[in-house]
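Chain by chain, the residues:
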Amino acid sequence: MKEFLSKNTFHKPPFEIWNGKADPHDETPKRMVVIEKIIKQLPKSQVVYPQDFAPMSIDLLKEIHSPKYIDYLFNLTYSESENYRYPSVFPHRRSCFTEQPNGKLGYFSFDLYTPVNIHLPAAAFIAARGAYSATLAVLDGDKTAYAIGRPPGHHAGYDFMGGYCYINNAAVAAKTLSRQGKVGILDTDFHHGNGTEDIFRVLQENESDPIFLHISIHANGNWKFPYFSGQTTGTDDPLWKGINYALREGTTDDQYDQILEQSLERLSDFKPDFLVIPVGFDTHENDPIGGFKLTTSYYEKMSTRIMSLNLPTVFIQEGGYNLKTIGDNITSFIRGIENSI
Ligand code: SP5
Ligand code: ZN
């Protein structure tokens, strides 16, 4: 399998603000440096670097994000410096727009974890091109491809950034695949894929026969970030809104596996032509910001189950923050993929 690797080591947010204080930022360049070392040694891996990524038009991004948001993001190259800017004030529910730079960032963001600087647009664009290139590989006939990059994407919504995410890489993949068929998206990151859900709700509002189905399995919002979304959906809820499974603290391999099986059944009922899988290893038992109890060997089972749907599949890297275990976890996950091709 080809792995499209975007390390973007120049994107280094110095801290995230938690409870009014600066904490070390968990989404570090080291994550991809560790992963690179590991995947280069895997027998069937073919690592593809940004210089060999396909060219991608910014217009594609305006099909999944609002043009106003994308213009804001790419103009940061002209308005910002090397210093990262953090929002301090957010619009409440009856707000207007502002051109003031701190206000504008607050308008397009939802947290204090996702700062911007002059280089941010380039980093986010390269990661999105990794997702696009992986998608083209699958459209060209590869059974699977894996965009392993940062910054991640699944918290970036139609017109907002947050949760370390700026451009929704999974939505880039899904939108591109939809040229040739229906797309099922199954998000296995620890956190709710609120950005991806938002994008496909906007694109498919009230659509009785949607071509995208978004399913997310994640930590309950009453316990973990991003709090304001992702409660378990009812069986009568319309498909265009997506499906959510909100799980509790301490979820084990077996408990997760049951939910995964249910999700795959729902996906298979939808009869997709392609799958997009945003993957996070922050579900691991030793993740510093997680709280599930998944084991390293479970990731092989997880990817084997996903591959059992026997569909062309694009995997997209999202979270996973334990630098000591992320290498073993991705190795286990890729083993399940390679053994199923
Ligand atoms: C892609 C992804 O996994 N984004 C997750 C962003 C959630 N970040 C939550 C950070 C929680 C605050 N940190 C508390 C650390 C205490 N030292
Ligand atoms: Zn996550």
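Because the structure is a prediction, the values reported are computed rather than measured.

Colleague: Would you mind showing me how to read the pairing of strand β7 (residues 212–219) here?
Modeller: Where a strand is regular, its side chains alternate between the two sheet faces. Extensive coverage of β7 is indicated by the burial of eight of its eight residues. In the sheet, strand β6 (residues 183–187) pairs with β7 via five bridges, with the strands oriented parallel. Residue pairing in the sheet places I185 in a bridge with H214 of β7. What joins β6 to β7 is helix α7 (residues 194–204), and the crossover it makes is right-handed. Pairing of β7 with strand β8 (residues 243–247), which is carried by five bridges, proceeds in the parallel orientation. Bridge pairing in β8 links I217 to Y245.

Colleague: Can you walk me through the coordination of the zinc ion (ligand 2) in this structure?
Modeller: A metal bound by six donors in octahedral fashion has ideal angles of 90 or 180 degrees, whereas one bound by four tetrahedral donors has an ideal angle of 109.5 degrees. Distances from the zinc ion (ligand 2) to its protein donors, namely D189 (OD), D189 (OD), H191 (ND1) and D282 (OD), fall within the range 2.0 to 2.8 Å. Read in sequence order, the donor residues for the zinc ion (ligand 2) give the motif D-x1-H-x90-D. With D189 in the loop between β6 and α7 and D282 in the loop between β9 (274–279) and α9 (298–307), the pair connects residues that are 93 residues apart, well separated along the chain. When sorted by exposure, D189 lands in the same class as D282, which is buried.

Colleague: Any chance you could explain a nonpolar patch on the surface here in plain terms?
Modeller: Judged by side-chain polarity, W18, Y227 and F228 come together as a nonpolar surface patch covering roughly 430 Å² of accessible area. Tracing the backbone through its elements, the reader meets Y227 in the loop between β7 and β8. Look at Y227 and you get partly exposed, because its relative accessible area is 39%.

Colleague: I'm lost on the side chain of T135 in this one. Help?
Modeller: Of note, T135 is situated in helix α5 (residues 120–139). The exposure class of T135 is buried, given its relative accessible area of 0%. In contact with T135, other than residues within four places in its own chain, are A173, T176, L177 and V314.

Colleague: Please clarify how the packing of aromatic side chains should be interpreted in this entry.
Modeller: The relation between two aromatic rings is expressed through the spacing of the ring centres and the mutual angle of the planes. In total, this model carries 26 aromatic pairs according to the counting rule given. Their ring planes at 50° and their centres at 5.8 Å tell us that Y146 and F315 sit as a pair that is tilted. Of this pair, Y146 sits in strand β5 (residues 144–149) while F315 sits in strand β10 (residues 313–317), placing them 169 residues apart in sequence. Just as Y146 is buried, F315 falls in that class too. In this structure an aromatic cluster arises from ring pairing among F110, Y113, F160, Y164, F225, Y227, F228 and Y321. The lysine or arginine in question, K68, covers the ring of F97, its NZ or CZ lying 4.1 Å from the ring centre. Positioned above the aromatic ring of F270 is the side chain of K182, whose terminal nitrogen or guanidinium carbon lies 4.2 Å from the ring centre.

Colleague: Would you mind going over the nonpolar core with me for this structure?
Modeller: Across soluble globular proteins, nonpolar side chains show a tendency to be buried alongside one another. L61, L73, V172 and V276 are the most contacted members of the largest nonpolar core, which has 48 residues in total. Among the elements that line this core, the one with the most residues is α5, at 11 residues. Not counting chain neighbours up to four residues away, the residues in contact with V276 comprise A170, A173, A174, L177, V183, G184, I185, L186, V314 and I316. Listed in part, the 41 residues of the second largest apolar core include F190, L260, F292 and I337.

Colleague: For this particular structure, what's the right way to read α9?
Modeller: Every α-helix winds through 3.6 residues per turn, so residues three or four apart in the chain are directed the same way. All of the buried residues along α9 are Y298, Y299, M302, S303, I306 and M307. Next to the buried residues of α9 lie β5, α8 (253–270), β9, β10 and α10 (326–338).

Colleague: So what exactly am I meant to see when it comes to the pattern of salt bridges here?
Modeller: Pairing is possible between side chains of opposite charge, provided their charged atoms come close. Tallying each qualifying case throughout the model produces 13 salt bridges. Between R85 and E80 there is a salt bridge, and its shortest N-O distance comes to 3.1 Å. Classification of R85 as partly exposed rests on a relative accessible area of 22%. Given a relative accessible area of 13%, E80 falls into the buried group. Between E197 and R201 there is a salt bridge, with the nearest N and O atoms lying 3.6 Å from each other. Taken together, the positions of E197 and R201, both in helix α7 and four residues apart, correspond to about one turn of that helix. Assessed through its relative accessible area of 7%, E197 is described here as buried. Judged by its relative accessible area of 27%, R201 is partly exposed.

Definitions and cut-offs
Residues numbered from 1 in each chain as written. Chains lettered and ligands numbered in written order. Predicted model: local features only at pLDDT ≥ 70, side-chain atom pairs only at ≥ 80, totals over all residues. Heavy atoms only, no water. Buried < 20%, exposed > 50% of the residue type's maximum accessible area, 1.4 Å probe, protein only. Helix = DSSP H or I, 4+ residues; strand = E, 2+ residues; numbered from the N terminus. Pairing = 2+ DSSP bridges. Right-handed = clockwise from strand over helix to strand, strands pointing away. Donors = N, O, S within 2.8 Å, 3.2 Å for Na, K, Ca; no water. Patch = residues over 30% accessible without salt bridge, like charges linked within 9 Å, V, L, I, M, F, W, Y side chains within 5 Å. Areas by Shrake-Rupley, 256 points an atom, 1.4 Å probe, with all protein chains shown as cover. Salt bridge = Lys/Arg side-chain N within 4 Å of Asp/Glu carboxyl O. Contact = heavy atoms within 4.5 Å. Phe/Tyr/Trp six-rings, centres within 6.5 Å; stacked < 30°, edge-to-face > 60°. Lys NZ or Arg CZ within 6 Å of the ring centre and 35° of its normal. Core = buried A, V, L, I, M, F, W, Y, C linked by side-chain atoms within 4.5 Å.

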